[in-house]
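Residue-level listing of the chains:
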Amino acid sequence: MVAINWFRCVGLCCVLLVISWSGCVADEGWFWHVTDFHYDFSYTDLDLSCNDDVTNHGEYGNYWCDAPWRLVESSVEAMKRFKPDVDFILWTGDSVLHTGDEHLSIDINDGILSNITNLLVEKFKSTPVYATFGNHDYYPDAQFPPSNNELYNRTLENWLTWITDEGEKENFLKGGYYSVVTAHGIRVLALNTNLYYTSDKLTGNLIDPAGQFAWLETLLADAVTRKEKVLITGHVPPGMVDTMSKSWMYDHFNTKMNEIIRKYSDVIIGLHFGHEHMDNFRVYTKSDTPVVTMFLAPSVTPWRYKIPSKTGAAHNPAIRLVQYDRQTGRHLNMITYYMDLPASNAQGIPQWAEEYNATRDYNIDDLSPNSMNKLALRMSSSNSLEFNNYWKWRVVNVQDAMMEECGEACKANVVCQFHHVDQSTYDACVLKAVGKSSCLLQSLVTVLISVLTCLATYT
Ligand SMILES: [Zn+2]
Ligand SMILES: [Zn+2]
């Protein structure tokens, strides 16, 4: 008879339990996303970016102007204070202020990019930063050429600690895009989507500026073969813009980007872009199944858009922290922090605080496409509490008195952009939604007329 060594047996079971348990528990990591600093070096002096006459120059900025250095610095200090030990940082461009080309040059723009690069390195030391260009970073404004140029050369020199692979350096010098694999094996594709922006007059007639689409498809196909997880980041996002009812991109580029994203959605863990200055998201679907989410981070600059016919919303500076599973890439949560600009200026001390915690405050399980799709569906119902919160957080917690109203037509546009990234399906969605609301209005008018007729008849 074989004697059972109970002690050994229990020990083995414990080891197996620990191994299988560790397979069940997510290996959680964090990354920062910071975007659209728009540093105005002339604040309090020439006020080159300011959209209105500013008499009160708060130390941390003004809603009508781009960010003074004190705000740029304070944003990065806040990132460091809230979460110093992140796996990496996404920095999605537009570091240069909003002003005319006559006030800028390659030297000035390169100087601004260098200043912010140095600040991130100084505060975060060896934490990798995956940086991309914004449309305002080029001189002349937004005119990114689909070929090598002085800004790509100088910026690569600045970002050499973050772009080390020789092949990727070549891609960057050719088109301002590159790929990096994180310490935990996530492949980051850092795009230069400014090449697809409708303001770029050099690329609109091309099929594949700087060969970026071909490169992107090759890497995504490789990722499928190697079973890699891919995070895509860049500045100008694909999809539809609810305030314009069109895409930021030339239509053929938006269509192509969307095709690629859907085709390789199995390996794409998330899309992170900037440019809109608003807190927003879009869900890609394939045969009505949600497959990928795109997150648009709000800007550091509080700058308000203003042209003769339209004034943009005021908003507070923001930074975003994302929690993800290092093994699967699944996005677990997202915390957005904001600076209360008037309070910071009044007290002379930066007032940063948590604005909202996505899973807790939207009551969702995680940030997976499925969860974000459910959230978007809940938002589409009338009097949705989630939509009211989204609308407040979209412009980053400005005081209620400064909030713009979002009526039925506005809401139809917003909700349709959550689900529809292509022009044709977006247009059809808006038409249907507006049709519904005008039908509702017509019904209400009919009821009202009936009531009045009744009253007139029986009184
Ligand atoms: Zn911007
Ligand atoms: Zn931009």
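Refer to the structure printed above.
Predicted, not measured: the structure shown is a model, and the values here were computed from it.

A. Quick look at the pairing of strand 13 (residues 331–339). Taking burial as the measure, the 9 residues of strand 13 include 7 buried ones, the bulk of the element. As paired strands, strand 12 (residues 318–325) and strand 13 are joined by 7 bridges and run antiparallel to one another. Bridge pairing in strand 13 links Q323 to N333. Where strand 12 folds back onto strand 13 in an antiparallel hairpin, the turn is made up of 5 residues, including G329, whose phi is positive at roughly 80°. The sheet contact formed by strand 13 and strand 14 (residues 352–357) spans 5 bridges and is antiparallel. The partner of T336 across the bridge, within strand 14, is Y356.

B. The environment of A78, seen in detail. Within the secondary structure, A78 sits in helix 2 (residues 69–82). Each C-alpha atom, one on A78 and one on A318, is 10.0 Å from the other, the two residues being 240 residues apart in sequence. Here A78 is in contact with I319, Y337 and W352, once residues within four sequence places are set aside.

C. Fine view of helix 12 (residues 408–419). The end-to-end C-alpha distance of helix 12, which contains 12 residues, comes to 17 Å, matching closely the 16 Å that a straight helix rising 1.5 Å per residue would cover. The complete set of buried residues in helix 12 reads A412, N413, V414, V415, C416, Q417, F418 and H419.

D. Region of the structure containing the pairing of strand 9 (residues 289–296). Most of strand 9 is tucked away, with 6 of its 8 residues classed as buried. Alignment of strand 7 (residues 268–273) against strand 9, held across 3 bridges, turns out to be parallel. Looking across to strand 9, one finds that H272 is bridged to F295. Bridge count between strand 8 (residues 280–286) and strand 9: 7 bridges; the pairing is antiparallel. Opposite N280, over in strand 9, you have L296 as the bridge partner.

E. Looking closely at unusual backbone geometry. Going from Y139 to P140, the amide bond is cis rather than trans, its omega being 0°. Looking at the secondary structure, you find P140 in the loop between strand 3 (129–131) and helix 4 (150–158). Of note in the backbone geometry, D36 takes a positive phi value of approximately 50° without being a glycine. Along the chain, D36 turns up in the loop between strand 1 (28–34) and helix 2. The residue A210 is not glycine, and still its phi comes out positive at about 60°.

F. Molecular detail of the sheet that holds strand 14. Strand order in the open sheet formed by 6 strands is 3-2-1-12-13-14, with mixed pairing between adjacent strands. The open sheet has two edge strands, strand 3 and strand 14, and neither has a second partner. Neighbour-to-neighbour, the strand axes of this sheet turn through a mean angle of 25°, independent of strand direction. Contacts from helix 2 reach strand 1, strand 12, strand 13 and strand 14, with the element oriented near 35° to strand 12.

G. Here's a closer look at the sheet that holds strand 5 (residues 186–190). Spatial ordering of the open sheet is given by 4-5-6-7-9-8, a layout of 6 strands whose pairing is mixed. Two strands in the sheet have a free side with no partner beyond their single neighbour: strand 4 (178–181) and strand 8. Each strand of the sheet is rotated relative to its neighbour by a mean of 20°, with strand direction disregarded. One ladder, built from 4 bridges, connects strand 4 with strand 5; its direction is antiparallel. Across the sheet, V180 pairs through a bridge with V188, a residue of strand 5.

H. Expanded view of the environment of A314. With respect to the element layout, A314 can be found in the loop between strand 11 (310–311) and strand 12. Spatially, the C-alpha atoms of A314 and V395 are 6.9 Å apart, while their sequence positions differ by 81 residues. Apart from the residues within four sequence positions on either side, A314 is in contact with Y63, R304, V395, V398 and M402.

The rules we used
Residues numbered from 1 in each chain as written. Chains lettered and ligands numbered in written order. Predicted model: local features only at pLDDT ≥ 70, side-chain atom pairs only at ≥ 80, totals over all residues. Buried ≥ 20, exposed ≤ 12 C-beta atoms within 10 Å, placed from the backbone. Helix = DSSP H or I, 4+ residues; strand = E, 2+ residues; numbered from the N terminus. Pairing = 2+ DSSP bridges. Contact = placed C-beta atoms within 7 Å. Expected span 1.5 Å × (residues − 1). Axes fitted to C-alpha atoms, helices over the stretch in contact; angles between N-to-C directions.

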